[in-house]
Each structure stands twice: as C-alpha cells, then as structure tokens.
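Chain and residue survey
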Amino acid sequence: MKENNLPIAIIGNGCAAVECCRALREHEYSGEIHLFAEGELPTYNPMLTSYYAAGKIPYEQLFPHGEHVFAQLDVTVHNNSPVTKLSAAALILAAQGLDRFAFSQCLIATGASVFLPRVPGIDSRRIYTMRTVEDAKRLRKFMAHPPKRALVVGASMVGIKVAELLHAAGVRVCLADMDSHVFPLAAHPDCAAVIERRLEEQGVNLRLSSPLERIEENDKDLLAWFGGSDHPERADILLMCIGVRANTSFINPGEIEVRQGVLVNEKMQTSVPGFYAAGDVSMGNNLLSGENQIIGLWANARRQGYTAGCNMAGSKTQYAGEIPCNITHFMGMDFVGIGDVLNYTDIGTWHSGSQFAYLFFRDGVLCGANTINMADKAGVLKNMMVKQLLHPQKQPDNVYSKPVQQHLFNELLQKVRGRLK
Amino acid sequence: MKKSSYLDMSRCVGCGACVVACMDQNDVYPECGQVAFRRIYQIEDGLPPCGTIQYVSAGCRHCEDSPCLISCPTGAIFQDKETGAILTDEDRCIGCHSCALACPFGVPRYDRNDKLNKCNLCSVRIMNGLLPSCVKVCPNNALVYESINNLMGDKELHYLGDLVGAVQKAVKS
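All figures in this text were calculated on a predicted structure; none of them were measured in a lab.

Here is what the cut-offs are and how they apply
- Residues numbered from 1 in each chain as written.
- Chains lettered and ligands numbered in written order.
- Predicted model: local features only at pLDDT ≥ 70, side-chain atom pairs only at ≥ 80, totals over all residues.
- Helix = DSSP H or I, 4+ residues; strand = E, 2+ residues; numbered from the N terminus.
- Rg over C-alpha atoms; globule rule 2.2 N^0.38 Å.
- Buried ≥ 20, exposed ≤ 12 C-beta atoms within 10 Å, placed from the backbone.
- Contact = placed C-beta atoms within 7 Å.
- Axes fitted to C-alpha atoms, helices over the stretch in contact; angles between N-to-C directions.
- Left-handed = near helix turned anticlockwise from the far one by under 90°.
- Nonpolar A, V, L, I, M, F, W, Y, C, P; charged D, E, K, R; others polar.
- Pairing = 2+ DSSP bridges.
- Domains from an automatic or database assignment.
- pLDDT = per-residue confidence, 0-100.
- Core = buried A, V, L, I, M, F, W, Y, C linked by C-beta atoms within 7 Å.
- Expected span 1.5 Å × (residues − 1).

1. A closer look at the overall build of chain A
- Scanning chain A for helices and strands turns up nine helices and 26 strands.
- A globule of 421 residues ought to have a C-alpha radius of gyration of about 22 Å, and chain A, at 23 Å, matches this closely.
- C-alpha extents for chain A along the principal axes are approximately 65 × 65 × 40 Å.
- Counting all 421 residues of chain A, 48% fall into the buried class.

In structure tokens:
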C-alpha cells in the first residue's frame, strides 16, 4: 500500500472518480483523498439526461450514486473548483479558488464535453445540447410548451434518443447527419437502412449526407443551411448532438501524453508515473484494434476508475480493455452495435419479421455485429467477441466453455452462415 | 463466498419443473406479458445414433462481479448484502436494455412496461431458511443451492472416489 503524507488528488467527479475512491478505500488506503469538481452537483450519468428531459425519470434519478457517496468514502470534495493547471513534474495543481495543492498521486477523470462545430450562427439561443444536468433541465423546461418543429443534428445514440423524446411530444422532427446513414460508426449501411425506414414510417424526416454550414436565427424560428442543398431546414429548436471531446485543457501535453484523450495503459497509468486517467477523458485499450481509443461507456469508465484506484493503493490490477459497443432502445426498437461493422471480409445476415442480425467476420474471425430487436442475443455476441479476442486459437463455434452461451451463439451463427457473402 | 444455485448438467433431464415452480413462486403470468425467469435449453450435438442431447435449466447466475450491475446506468441492479443475490429495483429501471448487452448468458428479459424481469434467487425464501423454489422442486437434484467452494470440494471428493475405485479395481485384477 502506497502512502505518504501528501493526499491523493482526484480531478473530476464522474463515475470513474467514484470507483477510484471506492477501490482506494477497499484496498485500505487510509490517507486523505481530495476531489476537485467543476460544479457542485453529485455524480450524474450523462446518459440519463435525455430520460430526464423526456420526463421519464425524476431529477434525483440523474444521480445513481446518491448525494453522499464521497462523504461515505471519506473524500474531501472541493466543489466549484475546476482544475486550471496541472504540473506533473512538481505534483502540484491549481484550481479555481486554490493556487497550489500538492499531492502524491493523481487521477484525471474530467470526462468529456459536448462538441459544437464552428459554423456561423452556432451561438443561437435556439440551440440546445444534451450532456449535462443543466442541458437536461433547459430542454425539459422548454418542452413544457413543445415546439412545432425541431431539428436534431447528429444521428447517433444521443441524437436518436433526443429525436425520440421530441417525437413522443408531438414535435415534427428532422434528423440530420453529415454521414450517409444513421449510426454512422455503429451501424452497417444495410442495418442503418432498416432503422431509417422505420424512423420515416413513424414520421421522422431524415436529412442525411447533409453537413451543417450555417444557422440563421430570427424572431420566430431558425433556418439551418446544409452543404449541397439550397433548401434550408426551418425549426423552432435545434439540438446539436454530434459528439463530445475529452476535457484535457488543463493538461500540459508536453508533460502527460494527450491525443484525443489521455493515453493510458492497462493499469490506467498515464505516460507520467503517479498520474492515472479513467473514464471518457482516457484512451484505454480497444481490444478489437489493439489501439488506444476513447470508449465512452458507463461500465468501461467504472472499471477503469476502479482499476486506477487499485493501482494507486498499491494493489497491482489490470483491465484488459473494452470493445466499442452500444445498445439503443428507441421508438419501439432495439439497436445493437458491437465491434467493427465497417471493415470486414464476410458478412452474414438474417432477418425474420422485425428482427435483424448482421454478423461481420474478418478473415474468419467475428469482428462486429448489428442486431435489431434481438437484445437477448446482444450480451452473448459481445462476450463471444471478447472471448475470441482473448483466446484467438479457438474457433467461433467453440469459444465458450458454457454450453448455453455456445448454444445461443451457434443458433445465430447457423442462421447467418448460409448467407455469408 | 455466498451460496447460489448451481446446475449439475449431467443430472438435468429438461423436465421444466423448475420453470413452473419459479413462475408459481414469483407470480409470473406470461399471458400478462411477464417473462419466465428460467428457461430450459435443449442442446443437440451431432445426429443419431452418435449424437447427444443435453438439457440445461438456466436462469440468472448472480455473478460475483456482475457485468449487468456495473453496466446499469441508474443503479437499478444491485447486490443484496444478505443473500448475495443480484436484484432489480423496478422503480429505477428505465428499460434501456444496457444489462442485455452486458450479460454473457442472455438472461435479461423485459416485460410489457420495459422493466427488467429476472431471477431474484428466491431471496425471501432464503431469508426464511428455505431453498429457492427451483432447487426445492428439482426431482433429480440437478439444481443445488450451495457455495461454490463446497461444491468444488464435493466434486473433488467424487473424483477422488472414482480414482481410488479405479486403482483398487486395477490392483484386484
């Protein structure tokens, strides 16, 4: 167990920070832990913001760990104290209202923030985002008197959920994306086409292959102009959902290696000893590609944070990594995207009624999957892929030691096998 | 290590008694859109005359390091400290299906209200000194409620017995 007189510093108060503190205490670190939070809200889950904005959950449910988790873990929390400077060499940080804070080890868990494109009109007051509790409160308040028309830019997980909540409120929704299909990273174009058809059947207007160029606001509404089109989209409200960027502005990249996020190894150590990173700010191992990548998943952040905490407490622990995966339940359907669905050598497809499955193979190895309305197979598929990556010598139909898992996977494999192309 | 329910696959005959007992204990009505917590899988390997059929009664494994619990965005899935069972707070479940993507066994199912329905290890029965209903009813003792350490110990003894028997037989002959 590592301990000296200086406290451990935790930057950020997301779920990775919670799990790190939990691991420190579970591994008998009894020294001081100081946490620097940007605001004063308890740990919240960004994924829940669209549920709150839609009125599906009460305000308290945005905070799954409750209000007192850090107090229970004996953590000193500095609210409204975003870290402004971090000196890795001197083991000192500066935060708003605090010039100098010395520490022994540090976890960077500052998460990510919404990315807005630099297009004219982006500062319009009719533009909303969906990431923070404030974003959710603002949209929920606005939805007390729903608008007639809404434009959602970005047709990935968040954009789709926002489109769903607007559509459910009777708003005429247009969903736009610069890519040629919805879920551009997670869905194969064939699978995306199925989703697009269903969205349009339910009355959602799609504008794909449409890069946003400028926004013009007037007293009544706004006009969004897209590249390659002379027809602007008129809307009362515009939701920007094109993604997030890691919060790393306080880090000197000359000290700690930063790319799209903070680079970490399997112990969650950064390039500088004593500094760890976890959650949406960190670039951990993508098991599929073997490269470092930000994989913004709640479970991934929790495991990373816990791993960091174990190692900070002196208990050598490794987290092999994660594969990109997501499940989105929206407008009466389940969409699952696992692994890499865009770079493959063989594809097997199957569908029956409202169920669709697409399995992607690279040189005989399962590398990706898309399903629609087959959530019960999602976990089996994901774990099959992970196991295959960890045990590459085994064939896809003989990876699981558990017969039920193998049986469920084989069922699906047999369905698509005859259709491999 | 807390106790859980385990299946001896060599004993399961796929009779379905466990499924019915579970539905009875937990008031599961499929006609009302509720889903059974247990399922019987018939796993065929090969064709007659050499092929085999294996039956597996499967429900939630109540994993020690539960992927569904870690993935749940609302904290609706939690571990009961007394029994070790992985339970669901229905009021907190938002029907996002994150647990379906996490579970390696394909266990999570959802009712008409999109709430997760799963085995609760008959926690109420356990806290009152009773066996889980599936274990209680199993006619072939395929399902047992035990700690994994004890089970492994039993298994080791069983193998040891087989080994000693084989050696004795060899010596006699």
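2. As for the overall build of chain B
- The helix and strand tally for chain B stands at six helices and eight strands.
- Going residue by residue from the N terminus, the α and β elements of chain B occur as β-α-β-β-α-β-β-α-β-β-α-α-β-α.
- Taken along its principal axes, the extent of the C-alpha atoms in chain B is 65 × 40 × 30 Å.
- Here chain B, with 173 residues, has 35% of them falling under the buried criterion.

3. Examining the environment of S133 of chain B
Residue and element names in this part refer to chain B.
- Examined against the element boundaries, S133 turns out to sit in helix 5 (residues 133-137).
- A residue is classified by how many C-beta atoms lie within 10 Å of it, and S133, with 21 of them, is buried.
- Separated by 109 residues in sequence, S133 and D24 have C-alpha atoms that sit 8.8 Å apart.
- Not counting residues within four places of it along the chain, the set of residues in contact with S133 comprises A21, C22, Q25, C122 and R125.

4. Some remarks on the packing of helix 1 (residues 15-26) of chain A against helix 7 (residues 298-312) of chain A
Residue and element names in this part refer to chain A.
- Between helix 1 and helix 7, whose axes approach to 7 Å, the crossing angle comes to 35 degrees. Regarding helix 1 and helix 7, the two cross each other, and that crossing is right-handed. Facing C15, A16, A17, V18, E19, C20, C21, R22, A23 and L24 of helix 1, the residues of helix 7 in contact are W298, A301, R302, Q304, G305, Y306, A308, G309, C310 and M312.
- Here the contact of helix 1 with helix 7 is built from residues that sort into 14 nonpolar, three polar and three charged.

5. Some words on the sheet that holds strand 15 (residues 233-235) of chain A
Residues and elements named next belong to chain A.
- Spatial ordering of the open sheet is given by 13-14-15, a layout of three strands whose pairing is antiparallel. Each of the sheet's edge strands pairs with one partner strand only, and the pair in question is strand 13 (212-217) and strand 15. The sheet shows a mean angle of 20 degrees between the axes of neighbouring strands, direction not considered.
- As paired elements, strand 14 (residues 222-226) and strand 15 share three bridges and run antiparallel to each other. Bridging from a neighbouring strand, A224 pairs with E233 of strand 15.

6. A word on the domain arrangement of chain A
Residues and elements named next belong to chain A.
- Domains assigned within chain A are domain 1 (8-112 + 245-312), domain 2 (127-242) and domain 3 (334-417).
- Each of domain 1 and domain 2 has a C-alpha centre, and the two are 31 Å apart.
- Facing the ten residues of domain 1 at the interface are 14 residues of domain 2.
- Of the residues in the side of domain 1 that touches domain 2, the class split is seven nonpolar, three polar and no charged.

7. Focus on the domain arrangement of chain B
Residue and element names in this part refer to chain B.
- According to the domain assignment, chain B consists of domain 1 (1-59 + 121-147) and domain 2 (60-118).
- Once you take the C-alpha centre of each, domain 1 and domain 2 turn out to be 19 Å apart.
- Each partner contributes to the interface: domain 1 provides twelve residues, whereas domain 2 provides 15 residues.
- The element that contributes the greatest number of residues to the side of domain 1 that touches domain 2 is helix 4 (residues 123-127), accounting for three residues.
- Residue classes in the side of domain 1 that touches domain 2 are distributed as six nonpolar, five polar and one charged.

8. Concerning the pairing of strand 4 (residues 83-87) of chain A
Residue and element names in this part refer to chain A.
- Across four bridges, strand 4 lies against strand 5 (residues 92-95) in antiparallel orientation. Across the sheet, the residue bridging to S87 is I92, located in strand 5.
- Connecting strand 4 to the next strand, strand 5, in antiparallel fashion are four residues, including L91 with a positive phi near 55 degrees.

9. Some details on the confidence of the model for chain B
- Averaged over all residues, the pLDDT of chain B equals 89, while 98% of them reach at least 70.
- Interface confidence in the predicted complex, given as ipTM, is 0.91; pTM for the same model is 0.91.

10. A word on the nonpolar core
- One finds I10, C20, L107, V152 and L239 of chain A to be the most contacted residues of the largest nonpolar core, which totals 167 residues.
- Ranked by residues supplied to this core, first place goes to helix 1 of chain A with eight residues.

11. A closer look at the environment of S123 of chain B
All names here are of chain B.
- Mapped onto the elements of the fold, S123 is located in helix 4.
- Residue classification places S123 among the partly exposed positions, given that 16 C-beta atoms sit within 10 Å.
- Put simply, S123 and C134 are eleven residues apart on the chain and 12 Å apart in space, counted from C-alpha to C-alpha.
- What S123 contacts, discounting residues up to four positions off in sequence, is D80, T83, A85 and L87.

12. Topic: the interface of chain A and chain B
- At the junction of the two partners, chain A supplies 30 residues and chain B supplies 24 residues.
- Among the elements of the structure, helix 7, strand 22 (325-330), strand 23 (333-339), helix 8 (375-390) and helix 9 (403-417) of chain A are those that each provide at least two residues to the side of chain A that touches chain B.
- When residues of the side of chain A that touches chain B are assigned to their parent elements, the largest contribution, eight residues, is made by helix 8 of chain A.
- Class assignment of the residues belonging to the side of chain A that touches chain B gives a composition of 16 nonpolar, seven polar and seven charged.

13. Observations regarding the sheet that holds strand 25 (residues 355-362) of chain A
Residue and element names in this part refer to chain A.
- Read from one edge of the open sheet, five strands run 22-23-26-25-24, paired in antiparallel fashion. Each edge of the sheet is formed by a strand with only one pairing partner; in this case those strands are strand 22 and strand 24 (346-352). Averaged over neighbouring strand pairs, the angle between their axes works out to 10 degrees when direction is ignored.
- Of the pairings in the sheet, the one linking strand 22 to strand 23 comprises six bridges and is antiparallel in character.

14. Looking at helix 6 (residues 189-201) of chain A
Residue and element names in this part refer to chain A.
- In a regular helix each residue adds 1.5 Å, so 13 residues correspond to 18 Å; helix 6 covers 18 Å between its end C-alpha atoms and thus fits that length.
- The elements touched by buried residues of helix 6 are strand 11 (172-176), strand 12 (205-207), strand 23, strand 25 and strand 26 (365-372).
- Looking at the residues trailing helix 6, positive phi occurs at G203, about 100 degrees.

15. Description of the pairing of strand 14 of chain A
Residue and element names in this part refer to chain A.
- Note that strand 13 and strand 14 share five bridges and pair antiparallel. Directly across from E217, in strand 14, lies its bridge partner L222.
- The loop that links strand 14 with its antiparallel partner strand 15 comprises six residues; one of these, G228, has a positive phi angle of about 80 degrees.

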